[in-house]
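Read off the chains here:
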Amino acid sequence: EVQLQASGGGLVQAGGSLRLSCAASGFTADDYAIGWFRQAPGKEREGVSCISTSDGSTYYADSVKGRFTISRDNAKNTVYLQMNSLKPEDTAVYYCAAARMAYGSSLAGSYSYWGQGTQVTVSS
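About the thresholds
Residues numbered from 1 in each chain as written. Predicted model: local features only at pLDDT ≥ 70, side-chain atom pairs only at ≥ 80, totals over all residues. Heavy atoms only, no water. Helix = DSSP H or I, 4+ residues; strand = E, 2+ residues; numbered from the N terminus. Buried < 20%, exposed > 50% of the residue type's maximum accessible area, 1.4 Å probe, protein only. Contact = heavy atoms within 4.5 Å. Pairing = 2+ DSSP bridges. Axes fitted to C-alpha atoms, helices over the stretch in contact; angles between N-to-C directions. Salt bridge = Lys/Arg side-chain N within 4 Å of Asp/Glu carboxyl O.

A separate point is the environment of Gly-16. Its place among the elements puts Gly-16 in the loop between strand S2 (10-13) and strand S3 (18-25). Here Gly-16 falls in the buried class, since its relative accessible area comes to 19%. Considering only alpha carbons, one finds Gly-16 and Ser-49, 33 residues apart in sequence, at a separation of 19 Å. With residues up to four places along the chain from it excluded, the contact list for Gly-16 reads Met-83, Asn-84, Ser-85 and Leu-86.

Take the sheet that holds strand S7 (residues 68-73) next. Pairing in this open sheet of four strands is antiparallel, and the strands run S1-S3-S8-S7 from one edge to the other. The sheet is open, and its two edges are formed by strand S1 (3-7) and S7, each paired on a single side. On average, each strand axis in the sheet is tilted by 15° relative to the strand beside it, whichever way the strands run. As judged from the six bridges shared by S3 and strand S8 (residues 78-83), these two strands associate in the antiparallel manner. Within the sheet, the bridge partner assigned to Cys-22 lies in S8 and is Val-79.

Another point: the pattern of salt bridges. In the structure shown here, the tally under the stated rule is four salt bridges. Salt-bridge contacts for Asp-62 lead to Lys-65; the nearest nitrogen and oxygen are separated by 3.0 Å. On the basis of relative accessibility, which here comes to 68%, the residue Asp-62 falls in the exposed class. Look at the salt bridges and you will find they share partners, linking Arg-38, Glu-46, Arg-67 and Asp-90 into a network.

Take a look at the structure:
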């Protein structure tokens, strides 16, 4: 059974950092592209970052570029999202998602498997 578990969320002050983890089971993460998405109340789910399986290339939404870093530890079958310089507007539920494709996508519909999400709250 393919499962993803997102963790690492919490409450942090603006300017602080959090490291989210996406632990995969039932498949090998290096065969899948992994994406991070977030959804705030009243807003649609938006792509935050993704990492490919083909060449390790990454994507970042403009809103997080330079602050967030996605990485993959194949030995642990885990993908991380290091979030620095957090802003209140980063507050959302963060989801990780996976799809068997060479390159990541910023479109939620591209992903077949989803984690349960982890809440990130950034206070001002």
